[in-house]
Amino acid sequence: MEKRTFLKTGLFLGIAAATSSFLESCKNAAKSAASGTVAPTLPPPKLRRTTPFELPKLTYDTTALEPHIDKMTMEIHHGRHHQAYVNNLNDAVKNTVYNDYELDDIIARITPADADNKIRNNAGGHWNHTFFWQIMTPGGGGTPTGQLATAINTQFGSFDKFKEDFNNAAKGVFGSGWAWVCVGKDKGLFITSTPNQDNPLMLSIVKQTGTPILGLDVWEHAYYLKYQNKRPDYVAAFWNVINWKEVAMRFDKAMF
Ligand code: MN
């Protein structure tokens, strides 16, 4: 091969190789852009779990939220649905990196690629229901006080407008999911909803992340026995069982 031809060929091959790897990296960039949210960088999980996840006990009787939420719904919802999320989560994390992680650490790190959504659905199911039982209480309802009340008025104009926006979010979930009130990164309150068992703490999954302070399960299993297809009646009844003391505590923790 003549020297000049050799150089030209070498140059051509070099450009071809560079172009091909450039195209490959463009394709990968396009792929990650298409998948939506970009996984944030998180510190390694601090907590190491040594025991299986367990169903938390209710701090009130299954009849305690009546007439707003009936006994049989509470029994089945807590004892069977929540228990199933716990069992399936323990099963799903086996032989995965999540096996030793605390629930919050799993929730924050989970990605859409994880194990055909089994970990995502059941970690979400366990977290969401554990939260839900706590933000309700017998003799609940009324209106919040203190800094939470001020924040609601500042953000939404009035408690009634806040209530209306939350009700619309809850009624607007198509199929199964949750409505949430969260404290955002800017420390402002926002209302959002998620499908299935996703929640606003799933940093790699939801569009708007935040710390939930109030949430409502609008899966049919949460209301069908008493309310059948009338989700708006269930959403209206929820306001009578809200544990504002717990919600305010979570608000303070997220804010300060
Ligand atoms: Mn549920």
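A few points on the structure. Bear in mind that the values here come from a model prediction, so they are computed numbers and not experimental data.

Quick notes on the rules
Residues numbered from 1 in each chain as written. Predicted model: local features only at pLDDT ≥ 70, side-chain atom pairs only at ≥ 80, totals over all residues. Heavy atoms only, no water. Donors = N, O, S within 2.8 Å, 3.2 Å for Na, K, Ca; no water. Helix = DSSP H or I, 4+ residues; strand = E, 2+ residues; numbered from the N terminus. Buried < 20%, exposed > 50% of the residue type's maximum accessible area, 1.4 Å probe, protein only. Pairing = 2+ DSSP bridges. Axes fitted to C-alpha atoms, helices over the stretch in contact; angles between N-to-C directions. Phe/Tyr/Trp six-rings, centres within 6.5 Å; stacked < 30°, edge-to-face > 60°.

1. Examining the coordination of the manganese ion
Logical step 1: Those donors, His 77 (NE2), His 129 (NE2), Asp 217 (OD) and His 221 (NE2), are the protein atoms that reach the manganese ion, and they lie 1.9 to 2.1 Å from it.
Logical step 2: The sequence pattern describing where the donors of the manganese ion fall on their chain is H-x51-H-x87-D-x3-H. Of this pair, His 129 sits in helix α4 (residues 118-134) while Asp 217 sits in strand β3 (residues 211-217), and the two are 88 residues apart along the sequence. For the pair His 129 and Asp 217, a shared accessibility class is recorded, and that class is buried.

2. Regarding the sheet that holds β3
Logical step 1: Taking strand neighbours across the sheet as the criterion, the three strands line up as β2-β1-β3 in an open arrangement whose pairing is antiparallel. The open sheet terminates on both sides in strands that have one partner only, identified here as β2 (189-195) and β3. Neighbour to neighbour, the strand axes of the sheet diverge by 25° on average, direction disregarded.
Logical step 2: Where strand β1 (residues 177-183) lies against β3, six bridges are found, and the strand directions are antiparallel. Looking at β3, one finds that Cys 182 is bridged to Pro 212.

3. Focus: the packing of aromatic side chains
Here the distance between the centres and the angle between the planes together describe a pair of aromatic rings.
Logical step 1: All chains considered together, the criterion is met by 19 aromatic pairs.
Logical step 2: Arranged with centres 5.6 Å apart and planes meeting at 85°, the rings of Phe 166 and Trp 239 form a pair that is edge-to-face. One end of the pair, Phe 166, is in helix α6 (residues 159-172); the other, Trp 239, is in the loop between α8 (231-238) and α9 (244-255), and 73 residues separate them in sequence.

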